[in-house]
Amino acid sequence: MLPEGLLPRPDDGPALRPRYLRDDDLPWLRALLDVFRAHVGRPRRELMDRLREPLPVEGPPDKRKRAVHVLERLTRRRVKAAVKPGEARAALFGARAKGLTRDEAIRVAAEALEVEPTGLLESLFADLPGERRLLALPADLGPDQLALRTNLAMVQGLVARSQRVTVRAHGGARDLVRHARLMGLLCEARPLKAGAILDLSGPYALFRRTLVYGRALASLVPRLPWCDDFELRADYRLDDEARTLVVQPGDPLFPCAEPRRFDSKLEARFARDFARLAPDWDLVREPLPLEAEGALIFPDFELVHRPSGERVLLEIVGFWTEGYLETKLRRLRAASIDRLVLCVDAERACGRSDWPAGARVVPYRRRVDVGEVLAAITPRPPGTRPCRPREDR
Amino acid sequence: MLAMRQVMRIVFDRGTLLLTQRATDAPTLPGTVWDPRVRGWRAPAFAWRELRDGPDPIAARIGGRRPWPPPPLRPYQASALEAWRRNRGRGLVCLPTGAGKTRVGVAAIAHTGLPALVLVPTRVLLHQWVASLDEVCPGRVGVLGDGHRDLRRVTVSTFASAWRRMDRMGDRFGLLVIDEAHHFGHGERDEALEMSVAPFRLGLTATPPEDLGSLPLLVGPVVTQLRVDDLAGTWLAAYDRVELALDLTEAERIAYEQDMATFRRVHGPFRVGFPSATWPEFARAASRTDDGRRALAAIRRAKRLLAYPTAKAEVLRSLLAEHHAQRTLIFTANNEAAYRIAREELIMPITCDIGRKEREVALRRFRDGELRALVSSRVLNEGLDVPDAEIAIVVGSTRGAREHVQRIGRVLRPAEGKRARVYELVTRRTSEVFQAMKRSQSFAA
């Protein structure tokens, strides 16, 4: 995430779309990477001195500063010294304090540490940030990836200065909601024909913008590229000016590692077992969210019976209480979802007698039994209608 | 309102308070806002003291008072604590460096007996506070920051760690002690104070800012303020200030004037056009043109030259020889000058780059007389409990009168018959003359 001083200002481009690093920036980014790589093994100070001079292919100064900042974060360093710098300082400054002259102190300390006087002096501050030797950059870091990483850092810096963001997401909304909640954000969700609209903000956003939750909002940005479709809008403040940022598919941003496909090993194992044991059924990992009592429900799975087209939603519930299940079922009933199976952990919380009346519940112990699930969903009880995604209703 | 309060339950929610009332109730409570996201009333966590009415989950989580015997206090420290107590346990105590602010903070923790969080700006101060509390505090002291994550009834945290976690731990502490509180009041750090429910808050500083910003709201007003001269000669050592006016060499003068001319050619017109612009705004504007970038490079060179020119090096060497038998602290404008002095004079530097353990060893050796001098640009400025030093040599300064007061305080720890001496090295016909004048005026005030 870029610091405030490196973020684009109003005269840097249109209000809504930041000036990303793109293909025409690659030549000078390549030159910048070459400079960094040429200084591997050298003190960082020398690299900084070199970067004050022009590059063989020059880029816009503001963009260059951003790329250098990102590269600095990616660069690791190590101390290279004949003797540990801390030991060198202790010996040399201690000797000097005994009243020895400078030369005498160096000689005495060098003898005590069994190094040459020049080695002692070179080691003295070899651990300072500017004296540390640069290690090789990641081998796969090319100019194109550096551009993506710099763009991501810039967008995250802007989003971090916003009070709330709105994300329209299709395919991946569930991961965004889960991540937002993990980061302590409040998430209001509304269904769309395809996907959902998420209004995300920190609890404190009611009073003012905070950087604590700004950073939490920024952490959503690298997850966006994993959505099938998305649009992020963030109203942010910079230099006391209110501005709006829009991020869309195709924006050149570095994505995070692919989000986990399943919330737990339990879910992953169920998906694997179901695919093997129920050949007539398809398992949809992230069905469209459902609206119920003003909230969005993201079911874990949708099971689709290929011959009949029948659809059943399935939720795997780990920790639960009677009240939790009651609320869940009430919401589902309110949304006219009657074809839903809840798989509940029989080893936790309350027992079978506490299950809400009328619930289609499959208890499990450590592993959801596909046979029991199939028994629960076929045949469909008379008088009930198949569950369909919202846009089908 | 009374009826509403009787049904109200306050819950801490990620740095805020959620008031569990029906949506139809009027928003009559101060600072409370209807939050449509959760369909409930919400208030900032720091408003808990005003909103609470009887037992609630937050009070239960904080727990009851368990006072313990406070450390003995000097009369002015006891007065400061009393003033803070009279102000309902809120306020800023402003005492000069070396006057024992930490002890007032420890006494406040002991007196209230509440779970307390001490906020400090640096890792050095983190461990110093832990050591001070360990001596008197019953039970283990928690540490948050510098790689530690151990929350206890009494915990010391760096500003940064507290800021990152207060939305999750803001309901655990009844007392906040904010060391070097002048860092708060104007920025993102304030979030940490806003997201805590702590009803009791004590700010400690040697140099309260003229504009307190949000400090009165989040910590309280200034309840006690003493200056160096109020205590010098009694609870602080008497001291002499010696200003030494120096000249640049001919080559240095030429280089300095050239660089300043380059800088003024850009900075002068900018100042006329934007008289209220800040330095970062100027730097941002200048970095967009070739002339501007040259101007920025020129002012950097000029500052580097002034930080440690030949004359300062020569005078410093003779001062060190003159005071070889006395403990001496050397203050520079930047780390670069500190390291130059360290290399040339073989004096231990105390900077942010030197690890905690090595710094602690160096300070112990300084106390024991194994090191006669230390050099630093900023780390020694604030709070650090520096052993008895008699001589301060200010080679360079960048942060004005506040920094200067803190630096001088480093040599004012009282001892029998002690008279400290502060040397200020000022280069003639440079910007340092003006800065020195401002420092003198401020100090006299």
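Residues numbered from 1 in each chain as written. Chains lettered and ligands numbered in written order. Predicted model: local features only at pLDDT ≥ 70, side-chain atom pairs only at ≥ 80, totals over all residues.

S.K.: Help me understand the overall build of chain B in this model?
M.R.: Helix and strand counts for chain B stand at 18 helices and 18 strands. Computed over its C-alpha atoms, the radius of gyration of chain B comes to 25 Å, within 12% of the 22 Å expected for a compact globule of 445 residues. By principal-axis analysis of the C-alpha atoms, chain B measures approximately 80 × 55 × 40 Å. Taken over 445 residues, chain B has a buried fraction of 46%. Of the contacts made within chain B by residues no fewer than 6 positions apart, 74% connect residues no fewer than 24 positions apart. (Helix = DSSP H or I, 4+ residues; strand = E, 2+ residues; numbered from the N terminus. Rg over C-alpha atoms; globule rule 2.2 N^0.38 Å. Buried ≥ 20, exposed ≤ 12 C-beta atoms within 10 Å, placed from the backbone. Contact = placed C-beta atoms within 7 Å.)

S.K.: What's the story with the overall build of chain A in this structure? I'm lost.
M.R.: Counting secondary structure elements, chain A contains 12 helices and 14 strands. In chain A, the share of contacts with a sequence separation of at least 24, taken over all contacts with a separation of at least 6, comes to 71%.

S.K.: Explain the sheet that holds strand β14 (residues 361-364) of chain A here, please?
M.R.: Whenever strands of a sheet pair, they do so through backbone hydrogen bonds, lying parallel or antiparallel. Residues and elements named next belong to chain A. As summarised here, the arrangement of the 5 strands in space is β8-β11-β12-β13-β14, forming an open sheet in which the pairing is mixed. Two strands lie at the open edges of the sheet, namely β8 (281-284) and β14, each paired on one side alone. On average, each strand axis in the sheet is tilted by 25 degrees relative to the strand beside it, whichever way the strands run. Contacts from helix α10 (residues 265-277) reach β8 and β12 (311-317), with the element oriented near 155 degrees to β8. Of the strands in this sheet, β11 (301-305), β12, β13 (340-345) and β14 touch helix α12 (residues 370-377), which is tilted by about 145 degrees from β13. (Pairing = 2+ DSSP bridges. Axes fitted to C-alpha atoms, helices over the stretch in contact; angles between N-to-C directions.)

S.K.: Is there a simple way to think about the pairing of strand β7 (residues 241-247) of chain A in this case?
M.R.: Where a strand is regular, its side chains alternate between the two sheet faces. All names here are of chain A. Here strand β6 (residues 229-238) runs beside β7; their pairing, made up of 7 bridges, is antiparallel. Within the sheet, the bridge partner assigned to Leu238 lies in β7 and is Glu241. Where β6 folds back onto β7 in an antiparallel hairpin, the turn is made up of 2 residues, including Asp239, whose phi is positive at roughly 55 degrees.

S.K.: Would you mind going over the interface of chain A and chain B with me for this structure?
M.R.: Each partner contributes to the interface: chain A provides 25 residues, whereas chain B provides 28 residues. Breaking the side of chain A that touches chain B down by element, the ones donating at least two residues are α4 (85-97), α5 (102-113), β4 (186-191) and α9 (211-218) of chain A. It is α4 of chain A that contributes the most residues to the side of chain A that touches chain B, 7 residues altogether.

S.K.: Would you mind showing me how to read the sheet that holds β7 of chain A here?
M.R.: Residues and elements named next belong to chain A. What the 5 strands build is an open sheet, ordered β4-β5-β3-β6-β7; its pairing is antiparallel. The open sheet terminates on both sides in strands that have one partner only, identified here as β4 and β7. Here the average twist between neighbouring strands, direction ignored, is 15 degrees. Across the face of the sheet, helix α7 (residues 143-159) comes into contact with β3 (162-170), β6 and β7 while running at roughly 60 degrees to β6. Its contacts with the sheet put helix α8 (residues 173-182) on β3, β4 and β5 (196-201), and the angle it makes with β5 is roughly 15 degrees.

S.K.: Looking at this structure, I do not really get the packing of helix α4 (residues 75-86) of chain B against helix α5 (residues 101-112) of chain B. What am I missing?
M.R.: Residues and elements named next belong to chain B. Here α4 crosses α5 at 50 degrees, and the two axes come no closer than 10 Å. Taken as axis vectors, α4 and α5 run oblique relative to one another. Seen along the crossing, α4 lies across α5 with a hand that is right-handed. Listed contacts from α5 to Gln77, Ala80, Leu81 and Trp84 of α4 are Arg103, Val104, Ala107, Ala108 and His111. (Parallel < 35°, antiparallel > 145°, perpendicular 65-115°, else oblique. Left-handed = near helix turned anticlockwise from the far one by under 90°.)

S.K.: Explanation requested: the nonpolar core in the structure shown.
M.R.: Within soluble globular proteins, side chains that are nonpolar tend to cluster in buried spots. Counting 200 residues, the largest nonpolar core has Leu92 and Val159 of chain A together with Leu374 and Ala392 of chain B as the members making the most contacts within it. Top contributing element to this core by residue count: α7 of chain A, with 9 residues. Counting residues in hydrophobic clusters, the runner-up holds 21 residues, among them Leu325, Leu329, Leu332 and Leu342 of chain A. (Core = buried A, V, L, I, M, F, W, Y, C linked by C-beta atoms within 7 Å.)

S.K.: Teacher, can you tell me more about unusual backbone geometry here?
M.R.: Glycine aside, the phi torsion of most residues is negative, and most peptide linkages are trans. Backbone geometry at Arg366 of chain A places phi at a positive 70 degrees, although glycine is not the residue there. Checked against the element boundaries, Arg366 of chain A lands in the loop between β14 and α12. According to the C-beta neighbour criterion, Arg366 of chain A is exposed, with 9 such atoms within 10 Å. Unusually for a residue other than glycine, Arg14 of chain B sits at a positive phi of about 50 degrees. Here Arg14 of chain B is to be found in the loop between β1 (10-13) and β2 (16-19).

S.K.: Which parts of the structure should I look at to understand the environment of Pro3 of chain A?
M.R.: All names here are of chain A. Note that Pro3 resides in the segment before α1 (26-38). Judged by C-beta crowding, with 9 C-beta atoms within 10 Å, Pro3 ranks as exposed. Pro3 sits 369 residues away from Glu372 along the chain, and the two C-alpha atoms are 55 Å apart.

S.K.: Could you clarify how one ought to interpret the confidence of the model for chain A in this entry?
M.R.: Any region with low pLDDT has predicted coordinates that should not be read closely. Scored by pLDDT, chain A comes out at a mean of 85, with 89% of its residues at no less than 70. Note on residues 384-393 of chain A: pLDDT is under 50 here. Beyond four places in sequence and across chains, it has 22 contacts. (pLDDT = per-residue confidence, 0-100.)

S.K.: Before we go on, may I ask you to explain helix α14 (residues 310-322) of chain B in this structure?
M.R.: One full turn of an α-helix is made of 3.6 residues, so residues set three or four places apart face in the same direction. Residue and element names in this part refer to chain B. Taking 1.5 Å per residue as the helical rise, α14 with its 13 residues ought to reach 18 Å, and the 19 Å between its terminal C-alpha atoms agrees with that figure. Listed in full, the buried residues belonging to α14 are Lys312, Leu316 and Leu319. All buried residues of α14 lie within an arc of 65 degrees about the axis, which places them on one face of the element. The outward face of α14, more than 90 degrees from its buried face, is lined by the exposed residues Glu314, Ser318 and Ala321. Residues of α14 that are buried in the fold lie against β13 (238-246), α15 (335-345), β17 (391-394) and β18 (419-427). (Expected span 1.5 Å × (residues − 1). Arc of directions from axis to C-beta.)

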